[in-house]
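# Residue-level structure breakdown
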Amino acid sequence: MTHLVCCVSAEEERRVRANDREYNEKFQYASNCIMTSKYNIITFLPVNLFEQFQEVANTYFLFLLILQLIPQISSLSWFTTIVPLALVLSITAVKDATDDYFRHKSDNQVNNRQSQVLIRGSLQNEKWMNVRVGDIIKLENNQFVAADLLLLSSTEPHGLCYIETAELDGETNMKVRQSVSVTSELGDPNNLASFDGEVVCEPPNNKLDRFSGTLYWREKKYSLTNQNMLLRGCVLRNTEACYGLVIFAGPDTKLMQNSGRTKFKRTSIDRLMNTLVLWIFGFLVCMGMILAVGNAGWEKEVGSLFQSYLAWDTPVNNFLFSAFLSFWSYVIILNTVVPISLYVSVEVIRLGHSYFINWDQQMFCSQCNTAAEARTTTLNEELGQVEYIFSDKTGTLTQNIMTFNKCSINGQSYGKDTHNTCRLDFSLFNPLADPDFCFYDDKLLESVKVGDSCTHEFFRLLSLCHTVMSEEKSEGELVYKAQSPDEGALVTAARNFGFVFRSRTPGTITTTEMGRTVTYSLLAILDFNNIRKRMSVIVRNPEGRIRLYCKGADTVLLERLHPCNQEVMSITSDHLNEYAADGLRTLALAYRDLSEDEWEAWSESHRFADKATDCREDRLAAAYEEVEQNMMLLGATAIEDKLQEGVPETIAVLSLANIKIWVLTGDKQETAVNIGYSCKMLTDDMTEVFIISGHTVQSVRQELRRARERMIELSRGSGGGVGKQLHGSPLPPPLPLSNLMDNISGEFALVINGHSLAHALEADMEAEFVSTACACKAVICCRVTPLQKAQVVELIKKRKKAVTLAIGDGANDISMIKSAHIGVGISGQEGIQAVLASDYSFSQFRFLQRLLLVHGRWSYLRMCRFLCYFFYKNFAFTMVHFWFGFFCGFSAQTVYDQYFITLFNIVYTSLPVLAMGIFDQDVPDHRSLEYPKLYEPGQLNLLFNKREFFICIAQGIYTSVVLFFVPYAVLSNATQSNGVPLADYQTFAVTTATALVIVVSVQIVLDTGFWTVFNHVFVWGSLGSYFIIMFALHSQTLFRIFPNQFHFVGSAQSTLLQPVVWLTIALATAICIVPVLAFRFLKLDLKPQLSDTVRYTQLVRQKRRKPPEGRLGARGGSRRSGYAFAHQEGFGELITSGKNMRLSSLALASFASRHSSSWIDTLRRKKHTHTPPSTSGESTYRLMT
Amino acid sequence: MVKQESESANRPDNTAFTQQRLPAWQPILSAGIVIPGFVLIGLAFIGIGVALLVTSRSIQVLELDYTGDSNGSPCSSCSQSDIANCKCSLNFTLTTLFQGPVFFYYGLSNYFQNYRRYGASKDDNQLYGDLSSFTSPSSSCSPYNYDSSKKPIVPCGSIANSMFNDTFTLTRTVSGTTNNVTLDGKGIAWWTDYNIKYRNPSVTPLKNAFNGTVKPINWAKPAYELDASDRSNNGFVNQDFLVWMRRAALPNFRKLYRRIDASGDYQKGLPAGNYTIDITYNYPVRAFNGAKKIVFSNVSWMGGSNEFLGIAYLVIGSLCVVMSVVMLIVYAKFKFPDEE
């Protein structure tokens, strides 16, 4: 790899000579063998260990291990560190090894694909990895392109070939590539074998849409562009075969250059944890210093005098040096405040949560047969803290399926709103009909059947005026390949209504009109562009009549109609408004008859414009404009951009959870706003929707300012009479802008255009933009580039310090998916690029609410509880040594047995807290969907922050004080009942350790809110294992084998048989736990969190559901209704109190009830069997769920 | 059919575990559990506390300091001289019967048996009777593993070297006559220490095992001659040695010296009267401001006197009761809105 990198970095241009391996080998270009794996069998151990020791934590523990090997310092045996360290390293190593194994497998599979290489004039099969730069290879239809190729020739005319680039950029539509004309004539292998052109081009890079190079052949230069290139990862389509010259191979290909290592994402909890760990290190050093100073003092005052019994070590012999050693000794024994198992445990918990996401049936889409997938396992708890969602539109909010929904023909509107009426069956009428097409108004079909000329002309237009390609695999089995799904929908509609587009050649279009095959000669295509907003075709029908068919945006088309259309136009306009209000995408259709002379004249001017060298575009546009006049209106079409299932509800629930949703789309403003309305982001009762579409810095700034002024004004107006007073002031106060903007109360929305966004994102305006946009309830950015999407995300990340989530499905969303804290890919139709770049993927937008409100919330909650407990536990465990230091001459004597220290974190207390971290639930999943407000603690970072951390460690330190001083006070004078004093070290150690294990177990019992069978097994099992292992370690058998290692022989037995010891443990436990219990109870009573309330009512309800229903009889209903009424009152306010809770309560209620309908059904069924159903009872259930 | 199959292959399993719907007990700190719980715990603790306090009060303890710090005290002369086996005696009077069984402890203060280096300074293999460790004691014993002439020390290390070597005899003066109170030194060490952890090498006579080794520097007699009166009480299983080797957890500690033999006049304990303790004062502690004392104590079911435990139980118990009242008041005022 290294030589490759140096080679690439040195490469300034690439020279490739076809069919000349010797020449090309001089440059040592990379071969076509790819290697994404990191290790092989020999390098695995060293490389993996090297990588692992780059983690600070691991190095730290290695350092500790080395310290422990110095006898003067070693306050603990080496195995107390090496056992956990080895465990951690091996778990990670196994994971890395498995990952790498799969990479090896996929590399092998790719490298061993076959391709046909032209070697010495004949085609030979070669493995992909043996293909070299400069080889000419043959590709066949539906084959993957093996390397980045220069297209030389193809079986299609003009050296054309079609490719699909889904794997590269996610776009599924086909693209055309064309070879340079001189090479396209080479054709067959014999000619190609003698081809010796030389290509000089740019060095390898990752720009997918750009290529520049020159072909030198036969003393001539030909410039090469991206149009001539076939990139690795593409698939050849609709082309029998083609030949290409390998320019870039293997790691140099654009595909591989793009698949750079993804940026490693960390969660905010991760960052907080790292900060805290650093603080703890600081704390550890402080403790060490204090104890070292203590040791110096002790050695000076006491130790020096005590030498007759405890001589100083010869190398030490000085109280200062002893203090120095003591510092390191204490660093060793106090290191358990930063337990090595922390990171591993966190990873295990996250992995568990990821599996729960993968396993969730409610995030499984049965239509696409895909389950949700947590592709990154390290971000789960951040899902519980999301504040901003950036969503793509096409394919994410919408299905990217366009359906021909309504149309207006000659002033008559067809198409019904309700889907209750039965679907039309076209198969009898038209054998070529697409069976998937749905339409619900039979009047239109009637009108076609009776031969209404306008209707026929309408569909004729749809079947002719488009750029769709057709593929007819077998007779009647048509497949349309459309650039845009809108066009596909229109052509399919025409097909079903009897005007079937069959095939096209450059000069003709063949259709089957009402069963009759007609071939039109295509005279001209006046193509679509964004300024024209329309496209036209000029065709000559078999009778020789020339007609121009035009379809386009109503705004442009209606201006170009013949004056005689006035009447139809006004009716059609009404229809168009209607359609637009429904959120449909509309197009107006018109035609114009051209006489032969007109055609000739225009054709001449067109040819002239086409050949112009300067301003060709403008001249063409002018020529088009000339002919697209005086047209006759045919009607209009309305296409539904189908929303994905449950999108409005999801958006409503998410905004109730205080999550702000921004739509970033490459689509036009109108479409984007349309979708905004149809998914209820924008509503008619919004105070105001601001549209920012300025083209200059000034205008954008002005528009933003105006929007802000308006917001402040309106919200003041609604807030009280204050607004009136300030109304006269020309400018709003400029400085307290952010404060003012934070308190905007109205309902605003912002729509901003890509070109305006470019200005708004500039450094001097971004603050204004953010404050304006964040005051709005909905923000829609349209016509944005992929880069801008990422910039917007970065801006919010930077300015708002909020957790962002980006969701999208296309290649254009990758940048934003990568730059957001969490990237979600929709595994839909648009390729898999977005999914590959994402952290989570699923197939429906609506799963987002479950991912965030259920999984994210739980993950966050669990992780926070886990961390709190973990820090508490380790401080309680470790700080005992600190207190003991004051009584043992600061000698770094441990309180506990060293085996206990080794096993405490990895055996005695790891599993219960892991079980809590994996399984805990405060409220069931459907509750968190019902009360989105439950999501708020995560956004506000309430459950684990620096304050919580200090509370935890304070509790831990308190516990350690109790755990040391209670046994100290009790045991110092206590004796066994046979007179033997209990104050010996081993009894003290066993007592303290047992008390510690019991206290932390009781604490986890208190902390666990959801006792599954695993929690029971782990909690009681860990406690049991403590006693079993302790008795085993203190047994005679082990001692007899290793008398040197097991000093504690007999201690467990001798200690735990003493009632005083148990009384001590009980006392210590009570002193530790009683205050916690009292505090929690009072907090629950005085300041209950929403989750507490929900949990409480849930449990009360469960209890109430249990009493025998038969006896309740008719009273049951009224009693429940009384309860439910109170319950509703309690929560109604909670739901309506939030600023963003603007969703109509009706929608929410119906949504909630829809989700729990199955539950209602079962209850209803139950009720039927026991009591006569009463309306009040039923409505009660609805409210309760 | 094929489609069906592939669909079920991708669909996640519908089990309670994968869907996170495992049956679970969801406890909540409801008033109905917490308040009565506090009352119960409180009452139980108060009960135990009272019992402990009563028991503890019934235990008799007699402590006598014999360090000899102050000039008038009986052992001051011995404490200031370095003479081996310096004798001094301590008198005390019991006005009532000292209920038996009576235990005789010696206590040391400001003595750091819990110092890490001190605690590590022994060779477990040696003490387990491993002869190879006799000739080459572990380095952990340093600097007490070899003497100045490079001969191995057995038993090596600081703990053994610093073994307490004052001896005591107790006499009772009844109407002018002095008679010895029999002290029983059997079974004062831990059973596991005596039977398992410490072993003499299986060499007879024991003396031969110690050939080529020297006794610890501070010792007057070698290990195999610790108890002249009882041959089995020698070497590493000497009771006094075992008691000393079980290091104390805290700097002020006492260790069992003897039991008063419950026979003859002493069947019920130490009767009232005048007693004298004759001390052979060998162990210097004044250099490090240590103190030595003699303690007589009897025991109950819960061991020796333990005021702290009883008081702590009473305090915690009452606090629990008080807390439960507070919680009841709070609860009554701010109960859950839905509570009936």
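Owing to the predicted nature of the structure, the values given are computational and were not obtained by experimental measurement. (Residues numbered from 1 in each chain as written. Chains lettered and ligands numbered in written order. Predicted model: local features only at pLDDT ≥ 70, side-chain atom pairs only at ≥ 80, totals over all residues. Heavy atoms only, no water.)

## A short note on the overall build of chain B
- Looking only at helices and strands, chain B has 11 helices and 11 strands in total.
- Taking 2.2 N^0.38 as the reference for a compact globule, 340 residues should give roughly 20 Å; the C-alpha atoms of chain B span a radius of gyration of 30 Å, well beyond that estimate.
- Dimensions along the principal axes, computed over C-alpha positions, put chain B at roughly 95 × 65 × 40 Å.
- For chain B, the proportion of its 340 residues judged to be buried stands at 51%.
- Taking the contacts inside chain B whose residues are at least 6 apart along the sequence as the reference set, 78% of them involve residues at least 24 apart.
- Total accessible area on chain B is roughly 15500 Å²; 56% of this is exposed by carbon and sulfur atoms.
- For chain B, the distance from the average site of its 30 positive side-chain charges to the average site of its 25 negative ones is 4 Å. (Helix = DSSP H or I, 4+ residues; strand = E, 2+ residues; numbered from the N terminus. Rg over C-alpha atoms; globule rule 2.2 N^0.38 Å. Buried < 20%, exposed > 50% of the residue type's maximum accessible area, 1.4 Å probe, protein only. Contact = heavy atoms within 4.5 Å. Areas by Shrake-Rupley, 256 points an atom, 1.4 Å probe, with all protein chains shown as cover. Lys, Arg positive; Asp, Glu negative; His and termini not counted. Charge placed at Lys NZ, Arg CZ, Asp CG, Glu CD.)

## Comments concerning the overall build of chain A
- Of regular secondary structure, chain A possesses 45 helices and 33 strands.
- Relative to its full complement of 1185 residues, chain A shows a buried share of 57%.
- Put simply, chain A shows about 48900 Å² of open surface, and 57% of that area lies on carbon and sulfur atoms.

## Section: unusual backbone geometry
- With an omega of 5°, the peptide bond between Ser142(B) and Pro143(B) qualifies as cis.
- Locating Pro143(B) in the fold gives a position in the loop between α6 (131–135) and α7 (158–161).
- At the junction of Thr204(B) and Pro205(B), the peptide bond is cis and its omega measures out at -10° in the coordinates.
- Along the chain, the position of Pro205(B) falls in the loop between α8 (191–197) and α9 (206–209).
- Backbone geometry places Asn410(A), a non-glycine residue, at a positive phi of 50°.
- If you check the backbone angles, Asn630(A) has positive phi at about 50° while not being a glycine.
- Along the chain, Asn630(A) falls in the loop between α19 (616–627) and β26 (632–643).
- A relative accessible area of 39% places Asn630(A) in the partly exposed class.

## Looking at the interface of chain A and chain B
- Across the contact, 106 residues belong to chain A and 89 residues belong to chain B.
- Of the roughly 9000 Å² buried between chain A and chain B on both sides combined, carbon and sulfur atoms contribute 63%.
- It is Tyr309(A), Phe1081(A) and Tyr1096(A) that lose the most area in chain A upon contact with chain B, and together they represent 10% of the buried surface on that side.
- Run the count over chain A and chain B and you get two salt bridges.
- Close ionic contact of Arg117(B) with Glu299(A) constitutes a salt bridge, the shortest N to O distance being 3.8 Å.
- On inspection of chain A and its partner chain B, the count reaches 25 residue pairs in polar contact (both at pLDDT 80 or more).
- Sort the elements by how many residues they give to the side of chain A that touches chain B and helix α40 (residues 1059–1086) of chain A lands first, with 16 residues.
- Residues of the side of chain A that touches chain B, tallied by class, amount to 55 nonpolar, 40 polar and 11 charged. (Buried area = accessible area lost by both parts, 1.4 Å probe. Salt bridge = Lys/Arg side-chain N within 4 Å of Asp/Glu carboxyl O. Polar contact = N/O pair within 3.5 Å; in protein donor to acceptor, adjacent residues only side chain to side chain. Nonpolar A, V, L, I, M, F, W, Y, C, P; charged D, E, K, R; others polar.)

## Things to note about the state of the cysteines
All names here are of chain B.
- Under the counting rule described, the total for this entry stands at three disulfides over all chains.
- Each disulfide pairs two cysteine sulfurs, and for cysteine 75 the partner residue is cysteine 88, the sulfurs being separated by 2.0 Å. Because the sign of the S-S torsion sets the handedness, a value of about 85° for the bond joining cysteine 75 and cysteine 88 places this disulfide among the right-handed ones. Of this pair, cysteine 75 sits in the loop between β1 (61–65) and α3 (76–80) while cysteine 88 sits in strand β2 (residues 86–94), and the two are 13 residues apart along the sequence.
- What connects to what in chain B, once the bonded cysteines are numbered by sequence position, is 1-4, 2-3, 5-6. (Disulfide = S-S within 2.5 Å.)

## Side note on the UniProt feature "active site" (unreviewed entry) in chain A
Residue and element names in this part refer to chain A.
- Cross-referencing UniProt, the feature "active site" (unreviewed entry) maps to Asp392 in the present numbering.
- Judged by its relative accessible area of 3%, aspartate 392 is buried.
- With residues up to four places along the chain from it excluded, the contact list for aspartate 392 reads Leu397, Leu664, Thr665, Lys789, Ile807, Gly808, Asp809, Asp813 and Met816.
- Polar side-chain contacts of aspartate 392 include one of 3.4 Å to the side chain of threonine 396. (UniProt positions renumbered as here; feature names shortened; annotations may be inferred.)

## Some words on the domain arrangement of chain A
All names here are of chain A.
- Split by domain assignment, chain A resolves into domain 1 (14–19 + 131–259), domain 2 (340–352 + 855–1086), domain 3 (365–396 + 644–714 + 744–853) and domain 4 (400–641).
- Listed as interface residues are 19 residues of domain 2 and, on the opposing side, 19 residues of domain 3.
- Overall, the association of domain 2 and domain 3 removes approximately 1900 Å² of surface from exposure, summing both partners, and the carbon and sulfur fraction of that is 51%.
- By the criterion of area lost to domain 3, the three top residues of domain 2 are Arg350, Tyr935 and Gln939, representing 35% of everything that side buries.
- For the interface between domain 2 and domain 3, the tally reads two salt bridges.
- At the junction of domain 2 with domain 3, the criterion picks out 17 residue pairs in polar contact (both at pLDDT 80 or more).
- Here the side of domain 2 that touches domain 3 takes six residues from helix α30 (residues 847–885), the largest share from any one element.
- Considering only residue class, the side of domain 2 that touches domain 3 consists of six nonpolar, seven polar and six charged. (Domains from an automatic or database assignment.)

## Digging into the sheet that holds strand β32 (residues 822–826) of chain A
All names here are of chain A.
- Strand order across the open sheet formed by nine strands is β14-β33-β32-β31-β15-β27-β30-β29-β28, with mixed pairing between neighbours. For this open sheet the edge positions go to β14 (373–374) and β28 (688–692), each flanked by a neighbour on one side alone.
- The strands that α30 touches are β15 (386–391), β31 (803–808), β32 and β33 (840–842); relative to β33, the one it contacts most, it runs at about 140°. (Pairing = 2+ DSSP bridges. Axes fitted to C-alpha atoms, helices over the stretch in contact; angles between N-to-C directions.)

## Focus on the domain arrangement of chain B
- Taken as a whole, chain B is organised into domain 1 (34–59 + 302–335) and domain 2 (68–96 + 109–252 + 273–290).
- Here domain 1 of chain B and domain 2 of chain B have C-alpha centroids that lie 43 Å from each other.

## Things to note about the UniProt feature "transmembrane region" (unreviewed entry) in chain B
- When the UniProt feature table is mapped onto this chain numbering, "transmembrane region" (unreviewed entry) sits at residues 28–54 and 311–332 of chain B.
- As annotated, residues 311–332 of chain B comprises 100% helix and 0% strand, and the C-alpha atoms at either end are separated by 32 Å.

## Let's talk about the confidence of the model for chain B
All names here are of chain B.
- Per-chain confidence: chain B averages 87 in pLDDT, with 96% of residues scoring 70 or above.
- Mean pLDDT across the elements of chain B bottoms out in helix α1 (residues 2–10) (53) and peaks in helix α10 (residues 239–245) (94).
- Interface confidence for the predicted complex, expressed as ipTM, amounts to 0.95; the pTM equals 0.81. (pLDDT = per-residue confidence, 0-100.)

## Some points on the sheet that holds strand β1 (residues 14–17) of chain A
Residues and elements named next belong to chain A.
- Strands sit in the order β1-β8-β9-β10 across an open sheet of four strands; the sheet is antiparallel. Each having just a single partner strand, β1 and β10 (220–224) make up the two edges of the open sheet. Neighbour-to-neighbour, the strand axes of the sheet open up by a mean angle of 20°, direction not taken into account.

## Overview of the packing of helix α4 (residues 56–68) of chain A against helix α5 (residues 79–111) of chain A
Residue and element names in this part refer to chain A.
- The contact between α4 and α5 brings their axes to 9 Å, and the two run at 150°. Classified by the angle their axes make, α4 and α5 are roughly antiparallel. Here α4 and α5 pass one another in a crossing that is left-handed. Judged by residue contacts, Asn58, Phe61, Leu62, Leu64, Leu65 and Gln68 of α4 engage Thr80, Thr81, Ile82, Leu85, Val88 and Leu89 from α5.
- Here the residues of the contact of α4 with α5 sort into eight nonpolar, four polar and no charged. (Parallel < 35°, antiparallel > 145°, perpendicular 65-115°, else oblique. Left-handed = near helix turned anticlockwise from the far one by under 90°.)

## Let's talk about the side chain of Arg857(A)
Residues and elements named next belong to chain A.
- Here arginine 857 shows up in helix α30.
- Overall, arginine 857 belongs to the buried group, its relative accessible area being 7%.
- A polar contact of 2.7 Å, which involves the side chain of arginine 857, links it to the side chain of aspartate 922.
- Discounting residues that sit within four places of it in the chain, arginine 857 has contacts with Gly384, Leu852, Asp922, Val923, Ser928, Leu934, Tyr935 and Ser1091.

## Notes on the packing of aromatic side chains
- Summed over all chains, the structure comprises 114 aromatic pairs over all chains.
- Ring geometry for Phe1014(A) and Phe17(B): centres 5.5 Å apart, planes at 55°, overall tilted. Of this pair, Phe1014(A) sits in helix α37 (residues 1013–1033) while Phe17(B) sits in the loop between α1 and α2 (31–57), each in a different chain.
- Since its relative accessible area comes to 29%, Phe1014(A) is described here as partly exposed.
- Across the ring face of Tyr985(A), the terminal group of Arg247(B) is positioned such that the distance to the ring centre comes to 4.7 Å.
- Across from the ring centre of Tyr105(B), 4.7 Å away, lies the NZ or CZ of Arg254(B), which sits over that ring. (Phe/Tyr/Trp six-rings, centres within 6.5 Å; stacked < 30°, edge-to-face > 60°. Lys NZ or Arg CZ within 6 Å of the ring centre and 35° of its normal.)

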